[in-house]
Amino acid sequence: MSEVLDNLLYSEEHEWAQQGEGRLIRVGITDHAQHLLGDIVFVEFPEVGSAISAGDSVGSIESVKTVSELYSPVSGTVTKINDALENSPELINDQPYSGGWIFELEIEGEYAEAVSGLLDAAAYRERVGE
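Rules behind the numbers
Residues numbered from 1 in each chain as written. Predicted model: local features only at pLDDT ≥ 70, side-chain atom pairs only at ≥ 80, totals over all residues. Heavy atoms only, no water. Pairing = 2+ DSSP bridges. Helix = DSSP H or I, 4+ residues; strand = E, 2+ residues; numbered from the N terminus. Axes fitted to C-alpha atoms, helices over the stretch in contact; angles between N-to-C directions. Core = buried A, V, L, I, M, F, W, Y, C linked by side-chain atoms within 4.5 Å. Buried < 20%, exposed > 50% of the residue type's maximum accessible area, 1.4 Å probe, protein only. UniProt positions renumbered as here; feature names shortened; annotations may be inferred. Arc of directions from axis to C-beta.

Bringing the sheet that holds strand 7 (residues 67-71) into the picture now. Spatial ordering of the open sheet is given by 4-6-7, a layout of 3 strands whose pairing is antiparallel. Each edge of the open sheet is held by one strand with a lone partner, namely strand 4 (40-44) and strand 7. Averaged over all pairs of adjacent strands, the angle between their axes in this sheet comes to 25°, without regard to strand direction. Bridge analysis of strand 4 against strand 6 (residues 57-63) gives 4 bridges, and the strand direction is antiparallel. Directly across from E44, in strand 6, lies its bridge partner S60.

Spelled out as C-alpha cells, the structure:
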C-alpha cells in the first residue's frame, strides 16, 4: 500500500505539490509512482529559470524498468532542482516526499488558483485505489 500524505496536493500523473514559503511550490513524484517505476537510476530535470505550464512534460525519470515523463502539476518558473538526485536518484524510492523532491517553482498568481486543478489526498487515494 502506497503512502499518501494529507498535507500535499496531487496530479492525475502522480506528481505531488507542496506549498513552500511565499509563492514557492516543491514538486516530486508520489510513493505510488515510485513503486510502479521500481529502482530509479536517473532523473532529467527541468531547467532552472524556465517558465513551465501545468501539465507540461518537464523532464523524465529513468528506472531499471522504464523511462517515465515528469510533468509539472502547476504553472510557474523553475527556481531550484534537487542536486542530491544527480548522484543519488534512489532518494526518490527511499524518500519520495522528503529527500526525493525533484524541483521547486515560483507561481505567478495566487496559490489557490495555481493548485485548483489538483487532487487532495482523499481524491488521490481514490484515484489509485488506496
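Moving on to the nonpolar core. I25, I29, I102 and F103 are the most contacted members of the largest nonpolar core, which has 26 residues in total. Sorting the residues of this core by element identifies strand 3 (24-29), helix 1 (31-37), strand 4, strand 6, strand 8 (76-81), helix 3 (91-94) and strand 9 (103-106) as the ones contributing at least two each. Per-element accounting of this core gives the leading share, 3 residues, to strand 3. V4, W101, A121 and V128 belong to the second-largest nonpolar core, a separate cluster that totals 10 residues.

Moving on to the UniProt feature "domain: Lipoyl-binding" (unreviewed entry) in the protein chain. Mapped onto this structure's residue numbering, the UniProt feature "domain: Lipoyl-binding" (unreviewed entry) falls at residues 24-106. Annotated as 18% helix and 42% strand, the span residues 24-106 places its first and last C-alpha atoms 4 Å apart.

On to helix 5 (residues 121-128). Those residues of helix 5 that fall on the buried side of the exposure criterion are A121, Y124 and V128. End-on, the buried residues of helix 5 take up no more than an arc of 60°, which puts them together on one face. Of the residues flanking the end of helix 5, it is G129, one or two places downstream, whose phi is positive at about 75°.

The strand order across the open sheet built from 6 strands is 1-2-3-9-8-5, with neighbouring strands paired in antiparallel fashion. Looking at strand neighbours, the two that pair on one side only are strand 1 (9-10) and strand 5 (51-52), the edges of this open sheet. Bridging between strand 5 and strand 8 involves 2 bridges; their strand directions are antiparallel. Paired with A51 across the bridge in strand 8 is T77.

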